[in-house]
Amino acid sequence: EAMTVCGVSVGEVLVWWERSERRAMVKAELKKRDGVDAGDVIMEPGRARERGLTSTVCFVRGNVAPDGGVIKATAIDARVVDEDGVYRKEGRARVFTREVDAIAAIKKQGVGRIEAGDVIVLAGRGPMGSGMEETYQLTSALKFLEFGREVALVTDARFSGVSTGACIGHVGPEGLAGGAIGKVKEGDVIRIVIDRVNLDGRVDLVRAVEEPGRELSEDEGAAVLAGREMNEGICADADLPSDTKLWAALQRVSGGTWGGCVYDVEKIVAVIEKGMAE
């Protein structure tokens, strides 16, 4: 019943579109040119479930992402997903603070190259570091490697709809805000569990490089990360625009990336007034 700017309700628009000649023509052309039935693209939830389709986005937590992270779960290669619909991975952390260095490690030969089973951790690329850059170059590079599906990516940067694979992005808090992701060390063991059926997931530090033989509980892993210094390579890009820096600072005060993307004016004013008083 909601009114549109055209002066008719949403319901009336939908009825018009259902019966429109243009809709019929477009559907016919889609079938003729590409062999695609529109009913196989957009369908009711019940029919989608019957065909084995699931929701796409899964939100994760864990001691590496205490504020949250997100993964396009259906983009994980089915060959590395267990029969119960759960992706389970435990791998050596390969830590980078610049996307270009991670790309180089994927492309290089010999010592230092990304290998099957690794978990790439790209930290310091959130709003405060780079304005939250898009990591498609990484997921694209992995896609064309024989063993790319055996590598996972965890980052405080973002990814887009074209990204594929086990790519966990938007991890919070970001590295430059003191987040745990900025304290993961090269050689740590990271465990990732993504339930694509129930849309639940975790990313945790389970073995620290300082004591590789001991498995850590969730809380123990969190304590190890909390006790570490931030990766010294994490810093804001030198050419980060001033308006991007301001945006990052304001959204951080408002609750960070997972604070709802809405500025909390009262929090911002309180922080400014506190700073002025001190």
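Not measured: the values here are computed from a predicted model. (Residues numbered from 1 in each chain as written. Predicted model: local features only at pLDDT ≥ 70, side-chain atom pairs only at ≥ 80, totals over all residues. Heavy atoms only, no water.)

A. Spatial organisation of the state of the cysteines. A full pass over the atoms with the stated rule returns zero disulfides. A disulfide-free cysteine, cysteine 58 has its sulfur positioned 13 Å from the sulfur of cysteine 167, the nearest such atom. (Disulfide = S-S within 2.5 Å.)

B. Fine view of a nonpolar patch on the surface. A cluster of nonpolar side chains, namely Val8, Val13, Trp16 and Trp17, defines an oily patch on the protein surface of about 360 Å² accessible area. Here tryptophan 17 shows up in helix H1 (residues 10-19). (Patch = residues over 30% accessible without salt bridge, like charges linked within 9 Å, V, L, I, M, F, W, Y side chains within 5 Å. Areas by Shrake-Rupley, 256 points an atom, 1.4 Å probe, with all protein chains shown as cover. Salt bridge = Lys/Arg side-chain N within 4 Å of Asp/Glu carboxyl O. Helix = DSSP H or I, 4+ residues; strand = E, 2+ residues; numbered from the N terminus.)

C. A look at empty space enclosed by the protein. The tally for this structure, following the rule as stated, stands at two cavities of 30 Å³ or more. In this model, the largest cavity occupies a volume close to 50 Å³. Lining the largest cavity are Asp67, Val171, Gly172, Pro173, Glu174, Ala177, Gln251, Arg252, Gly256, Thr257 and Trp258. Contributions of two or more residues to the lining of the largest cavity are made by strand S6 (166-172) and helix H8 (242-253). Lining the second largest cavity, in full, are Ile71, Lys72, Ala75, Phe159, Ser163, Thr164, Gly165 and Cys167. Its residues assigned to classes, the lining of the second largest cavity shows four nonpolar, three polar and one charged. (1 Å grid on protein atoms, 1.4 Å probe; cavity = no way out; pocket = protein on both sides within 12 Å on 5 of 7 lines; lining within 4 Å. Points joined across faces, edges and corners; volume = space filled by probe spheres on them. Nonpolar A, V, L, I, M, F, W, Y, C, P; charged D, E, K, R; others polar.)

D. Focus on the pairing of strand S1 (residues 57-61). Residue alternation in S1 divides its side chains into a buried set, Cys58 and Val60, and an unburied set, Val57, Phe59 and Arg61. Here S1 pairs with strand S2 (residues 68-72) via four bridges, running antiparallel. Following the sheet pairing, valine 57 is matched in S2 by lysine 72. Once S1 ends, the chain turns through six residues before running back antiparallel as S2, passing glycine 62 with a positive phi of about 130 degrees. Two strands pair when backbone bridges link them, and S1 and strand S8 (residues 200-207) are joined in this way by two bridges, in the parallel orientation. (Buried < 20%, exposed > 50% of the residue type's maximum accessible area, 1.4 Å probe, protein only. Pairing = 2+ DSSP bridges.)

E. Representation of the pattern of salt bridges in the model. Applying the stated criterion across every chain yields a total of 23 salt bridges. Of the charged contacts in the structure, one is a salt bridge between arginine 92 and aspartate 118, with a shortest N-O distance of 3.0 Å. Placement of the pair is arginine 92 in strand S3 (residues 86-96) and aspartate 118 in the loop between helix H4 (99-107) and strand S4 (119-122), with a sequence separation of 26 residues. Classification of aspartate 118 by relative accessible area gives buried; the value is 3%. Of the charged contacts, one joins arginine 94 and glutamate 186 as a salt bridge, the two residues approaching to 2.4 Å between their closest N and O atoms. A residue pair is termed long-range when its members are at least 10 positions apart, and arginine 94 in strand S3 and glutamate 186 in the loop between S6 and strand S7 (189-195) qualify at 92 residues. Residue class for glutamate 186 comes out partly exposed when judged on its relative accessible area of 40%. Connected through shared salt-bridge partners, Arg92, Arg94, Glu115, Asp118 and Glu186 make up one network.

The analysis is restricted to geometry; functional conclusions fall outside its scope.
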